[in-house]
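As a plain string of letters, each chain reads:
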Amino acid sequence: MIDFVCVLSIILELILTYILIVKIIELEKHVNGLNQKLFEIYELILLVNKKIKNTISKINKVVSILTNRKFITARRIIALTVDIIQVIIFVRSLNLSKGFNFKKINYKTLKKLFIANTLRGIVRKILLNVSKLASV
């Protein structure tokens, strides 16, 4: 009887070993497939990361130009020059040669000056917001 039990346990061990080996092989194939997918995702992540770094470096270059002290000084000089030109155009549009008269004012020129000044203010605020974002 003991011999029968030993033989039966050996046969059961062989069957269980075979089943375990088959399952281990199946799971190894599954893990290899997942590993391949993981490598593909890794390559895609690296590619996206490289593109994002290039884009951020381009944005940083533009922002560094906008926040450069020399650029800010030049921008102030240009703004002052434009203000002086606008005052000169405004004074010329009044046509004060025959005294101050509201009927002689060139309103088309004043309208152009107002639109230019408004646009300049909008651009100035945009540039200030960009420089604030760059400092964050």
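Residues numbered from 1 in each chain as written. Predicted model: local features only at pLDDT ≥ 70, side-chain atom pairs only at ≥ 80, totals over all residues. Heavy atoms only, no water.

## Considerations on the overall build of the protein
When helices and strands are tallied, the protein shows three helices and zero strands. N-terminal to C-terminal, the α/β element order of the protein is α-α-α. The burial tally for the protein puts 7% of its 136 residues in the buried class. Taking as baseline every contact in the protein between residues at least 6 positions apart, the subset at least 24 positions apart corresponds to 52%. Surface summary for the protein: the accessible area is close to 12,400 Å², and the carbon and sulfur share equals 71%. (Helix = DSSP H or I, 4+ residues; strand = E, 2+ residues; numbered from the N terminus. Buried < 20%, exposed > 50% of the residue type's maximum accessible area, 1.4 Å probe, protein only. Contact = heavy atoms within 4.5 Å. Areas by Shrake-Rupley, 256 points an atom, 1.4 Å probe, with all protein chains shown as cover.)

## A few points about the pattern of salt bridges
Pairing between side chains of opposite charge can happen when their charged atoms approach one another. One pass over the structure, following the stated rule, counts one salt bridge. Close ionic contact of Glu 26 with Lys 23 constitutes a salt bridge, the shortest N to O distance being 3.7 Å. Of this pair, Glu 26 and Lys 23 both sit in helix α1 (residues 2–66), three residues apart, which is roughly one turn of the helix. On the accessibility criterion, Lys 23 (45% relative accessible area) is partly exposed. (Salt bridge = Lys/Arg side-chain N within 4 Å of Asp/Glu carboxyl O.)

## Section: a nonpolar patch on the surface
Side chains of Met 1, Phe 4, Val 5, Val 7, Leu 8, Ile 11, Leu 12, Ile 15, Leu 16, Tyr 18 and Ile 19 sit close together on the surface and give an oily, nonpolar patch of about 1,100 Å² of accessible area. Here Val 7 shows up in helix α1. Note on Val 7: relative accessible area 45%, which makes it partly exposed. (Patch = residues over 30% accessible without salt bridge, like charges linked within 9 Å, V, L, I, M, F, W, Y side chains within 5 Å.)

## Digging into the confidence of the model for the protein
In the predicted model, the protein carries a mean pLDDT of 83, and 85% of its residues have values of at least 70. Looking across the protein, the model is least confident in helix α3 (residues 107–135), with a mean pLDDT of 76, and most confident in α1, with 92. (pLDDT = per-residue confidence, 0-100.)

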